Each structure stands twice: as C-alpha cells, then as structure tokens.
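What follows is the residue order along each chain.
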Amino acid sequence: MVTTDTILDTMRGYVESKVPIAPTTWLDAGIKLVALMSEDTDKLIELQLDMAQLRVSLLDIKPIQMSATEVRMRVESHPTYALMKKQEAKVKRINEFIMMSKKYATIRSTEYGNS
C-alpha cells in the first residue's frame, strides 16, 4: 500500500544513497503526495482539536483558576501535543517536498532539453 510515509522514505533512500533521480520520478512522487496527503492533514486537524478541547477543559476547572501560561504549559506537556507537533512537521515537509519536486522536475527537464 502506498502512503505518504512510503513515498517520503523511498525518496529519502534515493537521496541518501546518492542515486540519480529522474525529473519524472520527482514529479510522480509529488503528485502522489498531493493525492494522499489529505489523511495527514485530517490527522493534524484531529490532533489540533484534541489540544483545543484540552485547553478549554483546563480553563473550565472552577476550583483551580489557572493562568493562560499554566494552561499552555500543561497542554504542551501532554503526549498528544508532541504527536500534533510531529504531524505539523510532517505536513509541512510534504508541502515543501511537493513544491521542491515541481521545481526540481522543471529544472532537470530544462537541463535534459539543453543537453
């Protein structure tokens, strides 16, 4: 099954092993990432919602009046917060990969055309 993780891992493997990558491979990987990234953005949205709900629940605790700073510290120390930050980084990495794969494919195609 093809996922964003398998595509990113495959491309990382090519780069790490210094295998020449054809422009069409970059472009193909970028197109597949666009098609598949909705799962990653959905997961990110769910994690952000979980953190927002935690924030609200902490602010709603009546006997303990926490400051906004205390609430932020508690939220940021929650395990789900770490998952959310990792997911944010992954979605950002996917978006950057898509942008760079388009540019790289264009540059390499131009180079092949001039050879």
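A quick note: this is a predicted structure, and the numbers were derived from the prediction, not measured. (Residues numbered from 1 in each chain as written. Predicted model: local features only at pLDDT ≥ 70, side-chain atom pairs only at ≥ 80, totals over all residues. Heavy atoms only, no water.)

Enquirer: Any chance you could explain the side chain of T4 here in plain terms?
Expert: Within the secondary structure, T4 is located in helix α1 (residues 4–16). Residue classification places T4 among the buried positions, given a relative accessible area of 4%. There is a polar contact of 2.6 Å between the side chain of T4 and the side chain of D40. Contacts of T4, omitting those with residues within four sequence positions, involve L33, L36, M37, D40, K90 and I94. (Helix = DSSP H or I, 4+ residues; strand = E, 2+ residues; numbered from the N terminus. Buried < 20%, exposed > 50% of the residue type's maximum accessible area, 1.4 Å probe, protein only. Polar contact = N/O pair within 3.5 Å; in protein donor to acceptor, adjacent residues only side chain to side chain. Contact = heavy atoms within 4.5 Å.)

Enquirer: Would you take a moment to explain the packing of helix α3 (residues 38–59) against helix α4 (residues 68–76) for this structure?
Expert: A pair of packed helices is captured by two measures, namely the crossing angle of their axes and the spacing between those axes. Two numbers describe how α3 lies on α4: the axes approach to 10 Å, and their chain directions differ by 140 degrees. If you check the angle between α3 and α4, you find them oblique. In terms of crossing hand, the pair formed by α3 and α4 is right-handed. Here α3 contributes M51, L54, R55, L58 and L59 to the contact with α4, which in turn contributes V71, R74 and V75. A breakdown of the residues in the contact of α3 with α4 according to their chemical character gives six nonpolar, no polar and two charged. (Axes fitted to C-alpha atoms, helices over the stretch in contact; angles between N-to-C directions. Parallel < 35°, antiparallel > 145°, perpendicular 65-115°, else oblique. Left-handed = near helix turned anticlockwise from the far one by under 90°. Nonpolar A, V, L, I, M, F, W, Y, C, P; charged D, E, K, R; others polar.)

Geometric descriptors of this kind do not, in isolation, establish any biological role.
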